[in-house]
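# Structural description and commentary
Below, each chain spelled out in residue letters.
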Amino acid sequence: MDLRSYDIIAFSSSGGICTINSMITAFEECESQGVLDRIVVVHADLGRLEWSGTVDLVKQQAKYFGLDVEIEKAKEDLLEAVVAKHNRQLIAGKDQAAWMGKGNLRWCTPQAKRGPINVLYTRLVEEWRLATGLTRPCRVLEIQGIRAEEGGKSGARAKMKPFQEMVEAKSNKTVRHVDIWFPIFEMTEEECWARVEKLGLVGLTPPSYHLKGYRDGMPRSSCVFCVYADRNMLKLAALHNRELLNDFCAVEAYTGYDFQPGLSLTELRDEIDSGLIEIEQAPAMSASY
């Protein structure tokens, strides 16, 4: 891949094991092609919905590579957005769950992740135009830590392409052209951990990965309560985030809808309070993620 053809190379960082591995691979390639000065690390801050310390971890990972981080945050808290969406649906006479997006898509991605990062791209492109005096569309390469293995062989991620050109949700014809590259698409989870261990970077992995011991906690660095997480993951998250759990339960009560179809966080909280807190081994994301 000719990285020299891009004006901005954006490392999208969540702070997880996939992020740091994608940064390692992409950084080495950027270094070999002499484009380190074009790199920017970007992070969409989910605020209280994210595991505590995530922003600091993202900064520490970037510092390892000698990079700074651009942090963007949605104007509206995601829980507040669910309540607002529910209220709009009531006014429109609709009776449906507000937790998920259209067609059961991830409800958090467009508003809390893609939207704020697109705002950042607008600013970076404007700065690039002023610095270069060029008027052509700015070429942006976004680098993500997506792996085919996540979600299982039949999952949506396994069907994705490791390079996506002119991504419609991020690009436009006159201002910016955004491609996406998944540099570790074929890597397995074990290979990711082996590389981190070899480089002595285990300390730069999320504490939530190690809640019950080494590599024995949450399998992903994401929202504390993810709409695609299974019951065991949600139990583990609930045990370590009681205040946030209460906030989610309050939204369940207000909207009248469970967090996931057939899985109520309120019932989960009651189960925990009753002493039924055993967490099964090796929680995993559902195959639809």
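Coordinates for the structure precede this section.
Okay, so let's go over this structure. Per chain, residue numbering runs from 1 following the sequence as it is written. Where local features are concerned, this predicted model is filtered to residues with pLDDT of at least 70; where side-chain atom pairs are given and counted, the filter is 80 or more; whole-chain, interface and lining totals use all residues. Based on all heavy atoms of the structure, the side-chain values leave hydrogens and waters out of the count.

### A few points about the nonpolar core
In summary, soluble globular proteins display a tendency toward joint burial of nonpolar side chains. What counts is decided by this rule: As used in this record, nonpolar core signifies buried Ala, Val, Leu, Ile, Met, Phe, Trp, Tyr and Cys residues forming a set joined through side-chain atoms within 4.5 Å. In this scheme, a residue with accessible area under 20% of its type's maximum is buried, one over 50% is exposed, and one in between is partly exposed, where area comes from a 1.4 Å probe on protein chains only. Counting from the N terminus, the helices are the DSSP runs of H or I reaching at least four residues and the strands are the DSSP runs of E reaching at least two. Contacts between residues were defined by any pair of non-hydrogen atoms, one from each residue, lying within 4.5 Å.
Counting residues in each nonpolar core, the largest one holds 32 residues, and the members touching the most others are Trp99, Phe225, Leu234, Phe248, Phe259 and Leu265. Elements represented by at least two residues in this core include exactly helix H3 (78–91), helix H6 (231–240), helix H7 (242–255) and helix H8 (265–273). Sequence-distant contacts of Phe248, that is, excluding residues within four places in its chain, are made with Leu49, Leu79, Trp99, Phe225, Phe259 and Leu265. If you look at the next biggest cluster of nonpolar residues, it comprises 29 residues, including Ile39, Ala62, Leu141 and Cys192.

### Some words on the packing of aromatic side chains
Keep this limit in mind: Each Phe, Tyr or Trp ring (for Trp, its six-membered ring) is paired with any other whose centre lies within 6.5 Å, and the angle between the two planes then decides the class: stacked below 30 degrees, edge-to-face above 60, tilted in between. We call a charge positioned over a ring when the NZ of a Lys or the CZ of an Arg lies within 6 Å of the ring centre and within 35 degrees of the ring normal.
Evaluated as defined, the whole model comprises 7 aromatic pairs. Ring geometry for Trp193 against Tyr214: centres 5.8 Å apart, planes inclined by 75°, an arrangement best described as edge-to-face. Highlighted residues: Trp193 in helix H5 (residues 189–198) and Tyr214 in the loop between H5 and H6, separated in sequence by 21 residues. Exposure remark for Trp193: the relative accessible area of 2% places this residue in the buried category. When the ring of Phe225 is compared with that of Phe248, the centres are 5.1 Å apart and the planes differ by 55°; the resulting orientation is tilted. You can see Phe225 sitting in the loop between H5 and H6 and its partner Phe248 sitting in helix H7, a full 23 residues away along the chain. Accessibility assignment for this pair places Phe225 and Phe248 in one class, buried. Through a chain of ring-to-ring contacts, the aromatic side chains of Phe27, Tyr64 and Phe65 assemble into a single cluster. One Lys or Arg, Arg139, reaches over the ring of Tyr6 and ends 4.6 Å from the middle of that ring.

### Describing the pairing of strand E2 (residues 39–45)
Short version of the rule: Note on pairing: two strands pair once DSSP finds at least 2 bridges between them. Handedness of a crossover is defined as follows: with both strands directed away from the viewer, a clockwise route from the first strand across the helix to the second makes it right-handed.
A large share of E2 lies buried, amounting to 7 of its 7 residues. By the alternation rule, side chains of E2 split into Ile39, Val41, His43 and Asp45 and Val40, Val42 and Ala44, which are all buried. As judged from the 4 bridges shared by strand E1 (residues 8–12) and E2, these two strands associate in the parallel manner. Pairing of Ala10 across the sheet is with Val40, part of E2. Once the chain exits E1 it traverses helix H1 (residues 17–33) before rejoining the sheet at E2, and the crossover so formed is right-handed. Two elements, E2 and strand E3 (residues 69–73), share 5 bridges in a ladder whose sense is parallel. Bridging from a neighbouring strand, Val41 pairs with Val69 of E3.

### Side note on the sheet that holds E1
As a reminder of what qualifies: What counts as an axis is a line fitted to C-alpha atoms, over the stretch in contact for a helix, and the angles between N-to-C directions run from 0 to 180 degrees.
Sheet architecture is open: 6 strands sit in the order E3-E2-E1-E4-E6-E5, paired in mixed fashion. Only two strands of the sheet have a single neighbouring strand rather than two, namely E3 and strand E5 (163–164). Pairing of strand E4 (residues 138–143) with strand E6 (residues 176–181) involves 6 bridges; the strand directions are parallel. When the bridges of E6 are listed, Val140 appears paired with Val178. Seen against the sheet, H1 touches E1, E2, E4 and E6 and runs at an angle of roughly 160° to E1.

### Points about H6
Stated formally: N or O atoms within 3.5 Å of each other form a polar contact, as long as, within protein, one can give a hydrogen and the other can take it, and as long as residues adjacent in sequence are counted only when both atoms are side-chain atoms.
In terms of residue burial, H6 counts as a mostly covered element, since 7 of its 10 residues are buried. Of all the residues in H6, the buried ones are Asn232, Met233, Leu234, Lys235, Leu236, Ala237 and Ala238. Buried residues in H6 make contact with H7 and H8. Put simply, Asp230 is the residue that caps the front of H6, since its side-chain oxygen is 3.2 Å from the backbone nitrogen of Asn232.

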